[in-house]
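Breakdown of the fold
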Amino acid sequence: MSDRSHEAPSDDASSGSDAFRLVGNEIRTDILRALGDARVEQGHKPVFSFSELRDRTETDAGSSKFNYHLQELVGQYVERVEDGYQMRAEGRALYQTLRAGTFDSRESTLTVDADFDCYYCGTGVEATVDEGTVTVECPGCDYLYGIAGAPPGAIEDDTVALEQVGAFYHHRHLGFARGVCVTCGTEPTIERVSPADVPFADGDRQELYVYRSCENCGDQRHLSLGTYLLSDPHLRAFCADHGVDVLSTPLWELEFAAIDRNVTVDASEPWEATLTVTYDDETLEIVVDEDLSVIERTHR
């Protein structure tokens, strides 16, 4: 093998925005998969020589062509070390996205029972998966309980693991509630918005939304006040005392998080709102101010 196989990486691979261009090539995708699969199998970051890596991809491309595509990955996604090549952290993130099937096309529509009744009309709520989006909605009164990207790992053929969808949905919302963008780790901005300003909201049945937006990657969430306050330790402890684990229960099965029937806007100047959570014969009231900070808790 000539020294040309170890030429410096192309500058074209230095930008994260080129990830889509890179994975659009079958050979580069095979290289990432080979390195990623080996890491999963061996539990650490393995190093492969040029020939070993080429053999693992089972490609028909000649050495020169394979090397060209390998060098397009070197620097940003693959690292060249003394004994060969190994995957960088950025490459692992790209591999995990490929492995998860995030970019796979999903054209089928699937509707399943969401296993709870609407808090407004009592109709059995349904979950519909359509082209990678899951919508939890009441077919009786059209109340929207949630809409989000469906986790690829929970959807297969004509089945949907609704419990996994709920856990995935919960995880992403809770991350934003706690002030962490689940996509890039940046602290999202926060503001309260009127239901009238949210395109998918049921304006007559909502009091407010907590809008959290990441200025770094563009991810965003509209949270109910109940969902936003799931990060409050007093609320979690109160629910746990009554046998409810708010970290494992789907958001749409937590009435205080799913609907705003227990939310009241108490004052406008200065602005205050109260979330009331009741289990058995006990009630917890949490008051937030205009900055959405908790200013009072009352346990009755």
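This text goes with the structure placed above it.
In short, a report on the structure.

Cut-off values and rules
- Residues numbered from 1 in each chain as written.
- Predicted model: local features only at pLDDT ≥ 70, side-chain atom pairs only at ≥ 80, totals over all residues.
- Heavy atoms only, no water.
- Buried < 20%, exposed > 50% of the residue type's maximum accessible area, 1.4 Å probe, protein only.
- Helix = DSSP H or I, 4+ residues; strand = E, 2+ residues; numbered from the N terminus.
- Salt bridge = Lys/Arg side-chain N within 4 Å of Asp/Glu carboxyl O.
- Contact = heavy atoms within 4.5 Å.
- Phe/Tyr/Trp six-rings, centres within 6.5 Å; stacked < 30°, edge-to-face > 60°.
- Lys NZ or Arg CZ within 6 Å of the ring centre and 35° of its normal.

1. Description of helix H4 (residues 63-73)
Along H4, the positions that sit buried rather than exposed are Phe-66, Asn-67, His-69, Leu-70, Gln-71, Glu-72 and Leu-73. Trailing H4 by a residue or two, Gly-75 shows a phi angle of about 110 degrees, which is positive.

2. A short note on the pattern of salt bridges
Scanning the entire structure with this criterion turns up 8 salt bridges. Residues Asp-232 and Arg-297 are paired through a salt bridge, measuring 2.6 Å at the closest nitrogen-oxygen approach. With Asp-232 in the loop between helix H7 (225-228) and helix H8 (233-241) and Arg-297 in strand E15 (residues 294-299), this pair connects stretches of sequence that are 65 residues apart. In this structure, the salt-bridge partner of Arg-261 is Glu-255, at a minimum N-O distance of 2.7 Å.

3. Topic: the environment of Glu-137
Take Glu-137: it is sitting in strand E5 (residues 133-137). Distance in space between the C-alpha atoms of Glu-137 and Gly-124 is 9.3 Å, their sequence separation being 13 residues. Here Glu-137 is in contact with Val-125, Glu-126, Asp-142, Tyr-143, Leu-144 and Tyr-145, once residues within four sequence places are set aside.

4. What about the packing of aromatic side chains?
Tallying each qualifying case throughout the model produces 8 aromatic pairs. Grouping aromatic residues by their ring pairs yields a cluster made of Phe-116, Tyr-119, Tyr-120, Tyr-143 and Tyr-145. A cation sits over an aromatic face here: Arg-221 above Phe-176, 5.2 Å from the ring centre. It is Arg-261 that lies over the ring of Tyr-120; its NZ or CZ is 5.5 Å from the centre.

5. Details of the environment of Leu-223
The topology assignment puts Leu-223 in strand E11 (residues 220-223). Sequence-wise, Leu-223 and Ala-258 are 35 residues apart; in three dimensions their C-alpha atoms are separated by 9.5 Å. Residues contacting Leu-223, with those up to four places away along its chain left out, are His-173, Phe-176, Ala-177, Tyr-209, Val-210, Arg-212 and Tyr-228.

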